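Coordinates in review
Below, each chain spelled out in residue letters.
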Protein chains: 2
Amino acid sequence: MKLYLECIPCFLKQTLFATKDQEEEKRIIILKKVIKFLYDKNWDTSHDEIVNQIYNLIREETRILDPYKDIKKESNNMALKLYPSLKSQLNKIDNMEKRLYTAAKLSIAGNIIDFGPSSEFDLDKTINDVLNKKLAIDDFDILLNKILIYDNLLFFADNSGEIVFDKIFIEEMINIRNKPFKEIAFVIKGGPIINDAMIDDVYEVGIDKFPNITFYKIGNGMKDTGPNRKDKEVKGWIKNYDIVISKGQANYEGLSENKNIFFMLISKCPVISKDLNVEVMDAVIKYNI
Amino acid sequence: MKLYLECIPCFLKQTLFATKDQEEEKRIIILKKVIKFLYDKNWDTSHDEIVNQIYNLIREETRILDPYKDIKKESNNMALKLYPSLKSQLNKIDNMEKRLYTAAKLSIAGNIIDFGPSSEFDLDKTINDVLNKKLAIDDFDILLNKILIYDNLLFFADNSGEIVFDKIFIEEMINIRNKPFKEIAFVIKGGPIINDAMIDDVYEVGIDKFPNITFYKIGNGMKDTGPNRKDKEVKGWIKNYDIVISKGQANYEGLSENKNIFFMLISKCPVISKDLNVEVMDAVIKYNI
């Protein structure tokens, strides 16, 4: 996805949120630096690259490696608390396909836990909305078919907290298959960026306990944190797996040019909605054939 | 009101809206110029001054004096269409004080017609909400008292379309007084800025028909369009009138340091809400004693 002009004001909003615990004077310095960066930057680039560079700049200025560390822990805990009731909700569904579909919808609902486009969200309401509303794009049947046929899964995760909902979804995939995957590659961030899930989060919520699971890392723009979503290496991962699922907006922005990939997300801003041709707050499972 | 950092991303959003009919290339040039202006500018200034300078810059670049001209005409027409049904709604209320209170609420509801903080609004829903919800700050009784006692009114208008609702409110003031004001000074903009009402709008909706009405103009940052809200001249107007009413956010931002003035508005952004200590979308009649 190309960079939309509407993203530019949003970058400044994100800067203000990421620096909300700083003194006003410091915030002004950082905001001015981000403004200067945006002025100097050629906008004929990816959304990803700009976001990474802005967060690098914020990190340099604040000397805080991960301003969302506490928020991420809280999100995991909040989602883990919901885990038992969501599981018992699923256990009441006899039809296996309907169970998996509900779990897929829960995984999408978890995508609302996002401190990028907006810092305000209502998780309970979103779960309720997504479960009871029709998906705006619904390629679930294609996904179901692949889950039943193929033995390996590449899963691009998005946010902390949200990964608890992804865990439930993967559990239901294994459930409907009646056997584990031969391989699950779970893609997280190799360095902090907004509230995106990292390796600690995965351990916190127990995703490391799946059989045959392995972890790949996407970089945050800092050295040695992993490749960018546009890199050849990432395109190679996608080619190597039969089932490829991508959660959330940033992964959509970075990966939407690839084939054989399912995008599962809530469209949280007008820019993504325009690109997907859906309304803001619509939920989708979209397959790039 | 001081300039809040949260207003900075909003300035860029407004720039994008004001240039929405331009080619992408031109929009990038203008957005970059506004970004450069924000970088160079000392932010220890008023919100008003920055907004005026940004719209001056947009005017220079696009060579379009008033990008909201059509929108303003549409807003007036939309509100004028509602006028008969709103009047008949009022005519059903026997109690004169309740009638005036309802008209005051209608005038506040009209404040949703605003292309500054957001370009999306639902007028019918807002009218319904404001009429049926408690005002978050309600100094109506003090205002009522002044309307009954005093004979002159200074009214800072805000947006096109909204002024139709203000007309209804002024009609009800005259109604409860049983006689016209000796003077009504209606303050509009002397040059185009966002969708703010100008002299043409006043004629379009018939506000010029009130007895003893006169018009004052606030400038838009261009030469000879009128004084800024912070100017001595404007403070002089406020001192000369017994009843002073200010509609909307920008007037609140510019005039909140004055005394003996009523602010009537819907708080449409987190910054104004923080300053007023109310929630976003709350409606208020706030008297600065």
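Rules used in this analysis
Here, residues in each chain are numbered from 1, in the same order as that chain's written sequence. Written order decides the labels, with chains lettered from A and ligands numbered from 1. Only residues with pLDDT of at least 70 get local features here, since the model is predicted, and only at 80 or more are side-chain atom pairs given and counted; chain-wide, interface and lining totals rely on the full set of residues. Only hydrogens and water are removed before side-chain values are computed, so all heavy atoms of the structure are retained for them. When a carboxyl oxygen of Asp or Glu is within 4 Å of a side-chain nitrogen of Lys or Arg, the pair counts as a salt bridge. Secondary structure elements are taken from DSSP: a helix is a run of H or I of four residues or more, a strand is a run of E of two residues or more, and numbering for both begins at the N terminus. Buried residues of nine kinds, namely Ala, Val, Leu, Ile, Met, Phe, Trp, Tyr and Cys, make up a nonpolar core once their side-chain atoms join them within 4.5 Å. Three labels apply to residues, based on accessible area from a 1.4 Å probe with only protein chains included: buried if under 20% of the type maximum, exposed if over 50%, partly exposed otherwise in between. The contact criterion used is simple: two residues touch if any of their non-hydrogen atoms lie within 4.5 Å. Polar contacts here mean pairs of N or O atoms no more than 3.5 Å apart (in protein, one a potential hydrogen donor and the other a potential acceptor; neighbouring residues in sequence count only if both atoms are side-chain atoms). All copies are superposed by least squares; the fitting set is the C-alpha atoms of residues with a pLDDT of at least 70 in both. An automatic or database domain assignment provides the domain bounds reported here. Put simply, buried area is the surface a 1.4 Å probe can reach on two separate parts but cannot reach once they are joined, added for both. Note on residue categories: nonpolar means Ala, Val, Leu, Ile, Met, Phe, Trp, Tyr, Cys or Pro, charged means Asp, Glu, Lys or Arg, and polar means any other residue, Gly included. Pairing of aromatic side chains requires ring centres within 6.5 Å, counting the rings of Phe and Tyr and the six-membered ring of Trp. Pairs whose planes differ by under 30 degrees are stacked, by over 60 edge-to-face, and all others tilted. Charge over a ring is defined by NZ of Lys or CZ of Arg lying within 6 Å of the ring centre and within 35 degrees of the ring normal. Only the stretch in contact is used when a helix axis is fitted, and all axes are lines through C-alpha atoms; the angle between N-to-C directions ranges over 0 to 180 degrees. Angle categories are assigned with fixed cut-offs, so that under 35 degrees is roughly parallel, over 145 is roughly antiparallel, 65 to 115 is roughly perpendicular, and the rest are oblique. Working rule for handedness: look at the near helix, and if it is turned counterclockwise from the far one by less than a right angle, call the crossing left-handed; if clockwise, right-handed.

1. Re the pattern of salt bridges
Within this structure, the stated rule accounts for 44 salt bridges over all chains. Ionic pairing is found between Asp224 of chain A and Lys223 of chain A, a salt bridge with its closest N-O pair at 3.7 Å. Across the pair Lys87 of chain B and Glu171 of chain B runs a salt bridge whose closest N-O atoms are separated by 2.6 Å. Here Lys87 of chain B, found in helix H4 (residues 69-91), pairs with Glu171 of chain B, found in helix H8 (residues 162-177); they are 84 residues apart in sequence, far enough to count as distant. Residues joined in a network through salt bridges with shared partners are Lys26, Lys33 and Glu61 of chain A.

2. With respect to the nonpolar core
By size, the foremost hydrophobic cluster in this structure holds 207 residues, and its most contacted members are Leu38 of chain A together with Leu38 of chain B. Look past the residues within four positions of Leu38 of chain B in its chain and what remains in contact with it is Lys32 and Ile35 of chain A together with Ile8, Phe11, Leu12, Trp43, Ile50 and Ile54 of chain B.

3. Brief notes about the environment of Asp139 of chain A
All names here are of chain A. Within the element layout of this structure, Asp139 appears in the loop between strand S1 (137-138) and helix H7 (140-149). In this structure, the C-alpha to C-alpha distance between Asp139 and Tyr101, residues 38 residues apart in sequence, is 11 Å. Each residue touching Asp139, except ones within four places of it in the same chain, is listed here: Phe262, Ile285, Lys286 and Tyr287. Here the side chain of Asp139 touches Tyr287 through a polar contact of 2.7 Å, landing on its backbone nitrogen.

4. What to know about the relation of the copies chain A and chain B
In screw terms, the move from chain A to chain B is a rotation of 180° and a rise of 0.1 Å along the axis, fitting with an RMSD of 0.0 Å. Each copy turns onto its partner about a two-fold axis. Relative to the rotation axis, the C-alpha of Pro9 of chain A is the closest in chain A, positioned 2.3 Å from it. A high fraction, 100%, of the interface residues of chain A reappear at the interface in chain B, so the copies pair face to face through one surface.

5. With respect to the domain arrangement of chain A
Residues and elements named next belong to chain A. Under the domain assignment used here, chain A contains domain 1 (7-62) and domain 2 (69-288). Listed as interface residues are 13 residues of domain 1 and, on the opposing side, 18 residues of domain 2. Buried surface at the junction of domain 1 and domain 2, both sides included, amounts to about 1300 Å², of which 55% is carbon and sulfur. Of all residues in domain 1, the largest losses of buried area upon contact with domain 2 belong to Phe17, Asp48 and Arg59, amounting jointly to 39% of the total for that side. Inspection of the domain 1/domain 2 interface yields one salt bridge. The salt bridge partner of Asp48 is Arg229, with a shortest N-O separation of 2.5 Å. Our count for the domain 1 to domain 2 interface comes out at four residue pairs in polar contact (both at pLDDT 80 or more). When contributions to the side of domain 1 that touches domain 2 are tallied by element, the ones reaching two or more residues are helix H1 (7-18) and helix H3 (47-62). With seven residues, H3 is the single largest residue contributor to the side of domain 1 that touches domain 2. A breakdown of the residues in the side of domain 1 that touches domain 2 according to their chemical character gives five nonpolar, five polar and three charged.

6. Observations regarding the packing of aromatic side chains
This model, assessed by the stated rule, comprises 24 aromatic pairs over all chains. Judged by centre distance (6.2 Å) and plane angle (90°), the rings of Phe186 of chain B and Phe215 of chain B are edge-to-face. Of the two residues, Phe186 of chain B sits in strand S3 (residues 183-189) while Phe215 of chain B sits in strand S4 (residues 213-218), which places them 29 residues apart along the sequence. Put simply, the rings of Phe17, Tyr55, Tyr68, Phe115 and Phe121 of chain A touch in pairs and so form one group of aromatic residues. Directly above the aromatic system of Tyr39 of chain A lies the positively charged group of Lys32 of chain B, at a separation of 6.0 Å from the ring centroid. The lysine or arginine in question, Arg177 of chain B, covers the ring of Phe181 of chain B, its NZ or CZ lying 4.2 Å from the ring centre.

7. Here we look at the packing of helix H5 (residues 96-109) of chain A against helix H8 (residues 162-177) of chain A
All names here are of chain A. For the pair H5 and H8, the least separation of the axes is 8 Å and the interaxial angle reads 160°. With respect to each other, H5 and H8 are oriented roughly antiparallel. The crossing of H5 and H8 is left-handed. From H5, Met96, Glu97, Arg99, Leu100, Ala103, Ala104, Leu106 and Ser107 reach across to H8, where they touch Glu162, Phe165, Asp166, Ile168, Phe169, Glu172, Met173, Asn175 and Ile176. Looking at the contact of H5 with H8, its residues break down into ten nonpolar, two polar and five charged.

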